[in-house]
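Listed here are the chains, written in short residue letters.
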Amino acid sequence: MDELQVVEFVATYLKKKGFSEAENALQAEIQRNKSSNNTNPIDILNDPELSKFFRTFSESEDGPARYQDEYSKLRSWTYSSLDLYKHELLHVLYPVFIHCFMDLVAKGHIQEARTFFNNFREDHEMMHLRDLQKLEGVLSPSHLEEMEFAHSLRHSKVNIKICQVLYLFLFTSLHQNTYIVKKSNHCQSFYQYSYELLLQYLHKTQSTKMLGIINERINFQVSPGQPSSISDDAEIVTLIGSNQDAANQINQKEVHWGLLEDSLENRLEKTGLISDSEKAEGENKEAEIDENKKRPVEGGKQGASIKKLKKDKAINATAKTSRLEANTVSTAPRVKPDLALPVMPTEVEQSILEDLRNRVHLSSAALPSVSFYTFINTHNGLNCASISQDGSLVAGGFSDSSLKVWDMAKLGQQAVSSGLQGENDTTPREDIIGPNGRKRSYTLYQGHSGPVYSASFSPLGDFILSSSADTTIRLWSTKLNANLVCYKGHNYPVWDVQFNPQGHYFASSSHDRTARIWSMDRIQPLRIMAGHLSDVDCVRWHINCNYIATGSSDKTVRLWDVSSGECVRIFIGHRSMILSLAMSPDGRYMASGDEDGTIMMWDLASGRCVTPLMGHTSCVWTLAYSCEGSLLASGSADCTVKLWDVTTSTKVLKTEEKSGTNRLRSLKTLPTKSTPVYSLQFSRRNLLFAAGALSKTS
Amino acid sequence: MSIVPKETVEVIAQSIGISNFSTDAALALAPDVEYRIREIMQEAIKCMRHSRRTTLTTDDVDEALKLRNVEPVYGFASGGPLRFRRAIGYRDLFYLDDKDVEFKDVIEAPLPRAPLDTSIVCHWLAIEGVQPVIPENAPVQAIAAPSNGTNNEQKDGLPVEIKLPVKHILSRELQLYFDKITELAVSRSDSVLFKQALVSLATDSGLHPLVPYFTYFVADEVSRGLNNYSLLFALMRVVWNLLQNPHIQIEPYLHQLMPSVVTCLVAKRLGNRLADNHWELRDFTAKLVAAICKRYGHVYNTLQTRLTKTLLNALLDPKRALTQHYGAVQGLAALGPNVVRLLLLPNLGPYLSLLEPEMLLEKQKNEVKRHEAWRVYGALLQAAGQCIYDRLKIFPPLSSLPARSVWKTNGIVATLSNKRKTSMDLEEQPPLKKIATDGPVDAVSTSSMPTPMEEDATAATPLDNSDADHPSPSSVQIPPDSGSESRSKRDKGDSQAQKLSAILPQVWKDDLNSGKLLVSLFELFGEGILSFIPAPEMSLFL
């Protein structure tokens, strides 16, 4: 082979591929070689193996069969590798797979792309079924451009953590050559070392396509040491459009997850103290004083130091279990509300305080009572159900654009007056299930012009918000039984709406990929939260009203600062669309449930998943924390209400940061009679209300 | 390459009036059609999720089309699945079977009933974490099913705490029912209501959850109320009726139930008044015990042995009261003739020798005691008689055999004459009959001294054995219910007993054991036992 010819070929190849640095190096080398008259001992050009290798470049530059060939080689190599490394290597396989497919499509080899996809899709179905379903339809280069998901995939790199040993492994097996290594900053030292290895492997197979893809699409984060275990799954699984680094940066931001300074719980604590001191419990007083001293110190700090304090507290608290709840509440840092919150009428305040005092303490040993509201004769038309804070009102949004509200207290009275002799007067609400009167048993709210997807009661139960496919949100008064305001702003169906825990403000989420903050007195949104890559399916307020959380079809949950409108957290880990969210009453945690039945519990401060909760077999429609935060209830399409112990898991997390073992415990599964559970609501006294529509088909 | 073939695209093009549609265009459009369809379906799935459903409907597709600003496809309701039919002559061409509907028919059709309006019912899904057993909740089986789920979790290696069910929930209705029944049993056991309650216990299907409570109730009340005759009787009737209920699995509770039942059988005192007919209670309980043994003997194979042991101990202990003896005898008797034969009869002699003095006026001055002794004697007599009657009954099939067929077996029978259950030899019939007819005449002389005669009989039996006589003449029917029959014939039997005794040995020649048995019984009871000889035999002797 002619020496110059080869040099020229290499040079043009590098130029064509845009590897200017490598090209310059080559040019310099050639210059040097020329001047020094071929004194270079490692002569690439005289090496027959190497020249053969380069030749194959040009021959099969675009050969679609090569993708299939090389991918299957890489796959079999991965599967046959040591178990120790296999796990990490498998993560490399998926991005390589989808990029191979997209490359094939982009180059117009539709038929080959389809065969390739069908050959290997089974490998990834378990982890990435939704993505694969999306990609499957892509059949022309124009689709790639059009489809946002594919587009974002092709324009961003995938971050994969990989240990150093594996990195070497992978690249040596892929026949690392010089220009690739040069591109990778991590491996400068590896370059000299691996040259021998490279030559050794060169004669085997030439997986240039794979190499190209890995180099182009994947950003390896090489970490020293042994391959890590499955724990870091979450970050690897989701290929999201936005830059991973950006997401990490966002998650560095500070989140003030503490409770509001002047909350009712706070006040209850004080009043509770007075009543306690009446009982002459000196010890309690001391403890309270202690806490008061600590509080200002804690208020300033965030994060780890508080965690530690909390841990200490928890140990202390075990001794005096009766005051456990007060302790956990008081340790949470206090924050000032960013929004001007409405003032609560005193009588309401009093009643709430009364409720809080009479609250049943729930724990793994003391499970709540569950009152279930079953919608019957819905004819598959019930889209959502909502229960007011005290459980006295139940709203259902229907696909025939109507919103119906039942007053459970009235329902009970009717039964008493019509049916029985009135002997049940002392048990007003739940015990009596009587036939409805001749008249309609509900209040009908008509006004929407599309299916009603969500309804939310104001904290006091005097207003209802409903969101609909007609892109509007409507505010109804339960006192006047009339529509008050129609909020227009979204451009697409509004999937979810929720009142602020203090009332007055509310948040909505829509198919238009935004979440919006509104106040009752303005018909324009106050904030628009944009950033999700797909529909925003659900929205929940943080307990301190400064944040909202949104769950989306892009499989992420985001936390937004209400005052600035910025995204402050991205929670990555779900494998399918997020359907439900719940915020813990202490503000530290958030739970999210997805389409597959997985529930994840997140630590807001760190942005990491505390633990996934497996158990449901179908969509998790609703989640609710008990009032003191010790239990999480979840309602699902598999016709069960599950109760999860939240305290044990968080304690485990604090004491021993073991990964994998700290899954939350499922305490109890309450099966319903073929009734999917649409909505759950803990009353202030910790009675759990659940609602669902009886579906006879199952 | 696309799942939409180009032909489909061409057909669609034709249907909207594009005639000159090139194949290339169709080929290019096909993948795009697939892409759009997938896109719409993915949107439709989103709509489905937001409608809180897990099945996709045409409404969802319409919503998805609206999201894309596309006109929805009209005319498809979500009522049922679409029915496609195959076009005749084509293998892979399908069409929707859309019937033509006459406007007139539609207009004239009566209005369908308005669908029921949506409403809400409310119930307790759980009370402090425990699901009440009410119709609104999933049935118990469904509750048991998720336990598999926890097992599955265990496979994952998760630390799952499995709690055993510790609480047994009774619905309010059942609790009321139980309270009512127990109240009736305790206080008003003679009322009509209690009888109805017993019927309900024997027939109602939903009582199984109450069985442990009833068991406990019975055990508790029996141990406390031994002096209260009517209560005890009521309790036993409760047990009896529970036992009759086909929907109840009572086996697991038998071990708790049996002691109280046996107590009612062999207790020293049942009831505190003389008027209390505790004999009747003992008889009833004996029947109850027998019924339990019969039904669950195969499940608990130690049940009967333990029971008989208890009863026999009670009987053979001379220190026990006669009432206890009576109960034991009745219990054993109720367990069947085999038990009597194996356990009771061997002990009969010694026992009667003990019992004899008690029965005699001169030896036992206490009238009550004497009465009791006579009772025991009567029970023993009946048990033994039942036993002997049963032995006799072994032969009825033969009696029904047509005479001729038996004649044929003559030769064989003659050779096998010594064996039990050998066919009777009808050759002997005429002489037998003759004897029978002669019987009374012969017997007259022996009337005064049964005992020596008995000895004669025993001596004669083995000798006569070879003759293989059979007592049951084929011409006579054996009454199905021998007890009543024999009793009805009692007078006759009594009067003729003395005469009969002489012939008796001959009657049992065919069966050495039976014969001996009867002889020994006769020795012990005298003519009393003869009343248990079935009528045909009686008639034989007459």
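What you see is a predicted model, and the numbers here were worked out from it, not measured in a lab.

A. Region of interest: the overall build of chain B. Each helix and strand counted, chain B has 26 helices and 3 strands in total. Looking at chain B residue by residue over its 542 residues, the buried ones come to 43%. A separation threshold of at least 6 residues defines the contact pool for chain B, and within that pool the share at least 24 residues apart is 66%. Per element, the accessible surface of chain B, about 30,200 Å² overall, is 57% carbon and sulfur.

B. Summary view of unusual backbone geometry. Residue and element names in this part refer to chain A. A positive phi angle, close to 75 degrees, is found at Lys555, a residue other than glycine. Take Lys555: it is sitting in the loop between β19 (547–552) and β20 (556–561). Residue Cys639 is not a glycine yet carries a positive backbone phi of 65 degrees. With respect to the helices, strands and loops of the structure, Cys639 is situated in the loop between β27 (631–636) and β28 (640–645).

C. The pairing of β27 of chain A, seen in detail. Residues and elements named next belong to chain A. Burial runs high along β27: 6 of the 6 residues are buried. Where burial is concerned, the two faces of β27 agree: the one with Leu631, Ala633 and Gly635 and the one with Leu632, Ser634 and Ser636 are both buried. Taken together, the 5 bridges between strand β26 (residues 620–625) and β27 define a ladder with antiparallel strand orientation. What sits directly across from Leu623, in β27, is Ser634. What sits between β26 and β27 in their antiparallel hairpin is a turn of 5 residues, with Gly629 showing a positive phi close to 80 degrees. The sheet contact formed by β27 and β28 spans 5 bridges and is antiparallel. Bridging across to β28, Leu632 finds its partner in Trp644.

D. Molecular detail of the packing of aromatic side chains. Residue and element names in this part refer to chain A. Tallied over the full model, the rule gives 20 aromatic pairs over all chains. With a centroid separation of 4.9 Å and an interplanar angle of 65 degrees, the aromatic rings of Tyr487 and Phe506 are classed as edge-to-face. Of this pair, Tyr487 sits in strand β13 (residues 482–488) while Phe506 sits in strand β15 (residues 505–510), and the two are 19 residues apart along the sequence. Comparing Tyr487 with Phe506 shows no difference in burial state: the two are buried. Following the ring pairs from residue to residue traces out a cluster consisting of Phe97, Phe101, Phe116, Phe117 and Phe120. The ring of Phe398 has Lys404 lying over it, and the distance from NZ or CZ to the ring centre is 4.3 Å.

E. Representation of the interface of chain B and chain A in the model. Contact residues are listed per partner, giving 48 residues for chain B and 71 residues for chain A. Both faces combined, the contact of chain B with chain A buries some 5,400 Å², and carbon together with sulfur accounts for 56% of it. For chain B, the biggest contributors to the area lost against chain A are His50, Arg52 and Ile120 of chain B; these three give 16% of the whole. At the junction of chain B with chain A, the criterion picks out 4 salt bridges. One can count 22 residue pairs in polar contact (both at pLDDT 80 or more) joining chain B with chain A.

F. The sheet that holds strand β7 (residues 393–398) of chain A, seen in detail. Residue and element names in this part refer to chain A. Read from one edge to the other, the open sheet built from 4 strands follows the order β6-β7-β8-β9, with strand pairing classed as antiparallel. Sheet topology places β6 (382–387) and β9 (442–446) at the edges, where each strand pairs with a single neighbour. Mean inter-strand twist for the sheet, computed between neighbouring axes without regard to direction, equals 20 degrees.

G. Expanded view of the packing of helix α2 (residues 23–50) of chain B against helix α3 (residues 58–67) of chain B. All names here are of chain B. Between α2 and α3, the least distance of the axes is 8 Å, while the angle of their chain directions is 115 degrees. Along this stretch, α2 crosses α3, giving a crossing that reads as right-handed. In contact with Ile40, Met41, Glu43, Ala44, Cys47 and Met48 of α2, α3 contributes Asp60, Val61, Glu63, Ala64, Leu65 and Leu67. Among the residues making up the contact of α2 with α3, the classes are represented as 9 nonpolar, no polar and 3 charged.

H. Region of the structure containing the sheet that holds β13 of chain A. Residues and elements named next belong to chain A. Taken in spatial order, the 4 strands make up an open sheet running β10-β11-β12-β13, and their pairing is antiparallel. Only two strands of the sheet have a single neighbouring strand rather than two, namely β10 (452–457) and β13. Strand-to-strand twist of the sheet, defined as the mean angle between neighbouring strand axes without regard to direction, takes the value 20 degrees. Pairing geometry for strand β12 (residues 472–477) and β13, over 6 bridges, is antiparallel. Paired with Thr472 across the strands is Lys488, a residue of β13.

What counts and how
- Residues numbered from 1 in each chain as written.
- Chains lettered and ligands numbered in written order.
- Predicted model: local features only at pLDDT ≥ 70, side-chain atom pairs only at ≥ 80, totals over all residues.
- Heavy atoms only, no water.
- Helix = DSSP H or I, 4+ residues; strand = E, 2+ residues; numbered from the N terminus.
- Buried < 20%, exposed > 50% of the residue type's maximum accessible area, 1.4 Å probe, protein only.
- Contact = heavy atoms within 4.5 Å.
- Areas by Shrake-Rupley, 256 points an atom, 1.4 Å probe, with all protein chains shown as cover.
- Pairing = 2+ DSSP bridges.
- Phe/Tyr/Trp six-rings, centres within 6.5 Å; stacked < 30°, edge-to-face > 60°.
- Lys NZ or Arg CZ within 6 Å of the ring centre and 35° of its normal.
- Buried area = accessible area lost by both parts, 1.4 Å probe.
- Salt bridge = Lys/Arg side-chain N within 4 Å of Asp/Glu carboxyl O.
- Polar contact = N/O pair within 3.5 Å; in protein donor to acceptor, adjacent residues only side chain to side chain.
- Axes fitted to C-alpha atoms, helices over the stretch in contact; angles between N-to-C directions.
- Left-handed = near helix turned anticlockwise from the far one by under 90°.
- Nonpolar A, V, L, I, M, F, W, Y, C, P; charged D, E, K, R; others polar.

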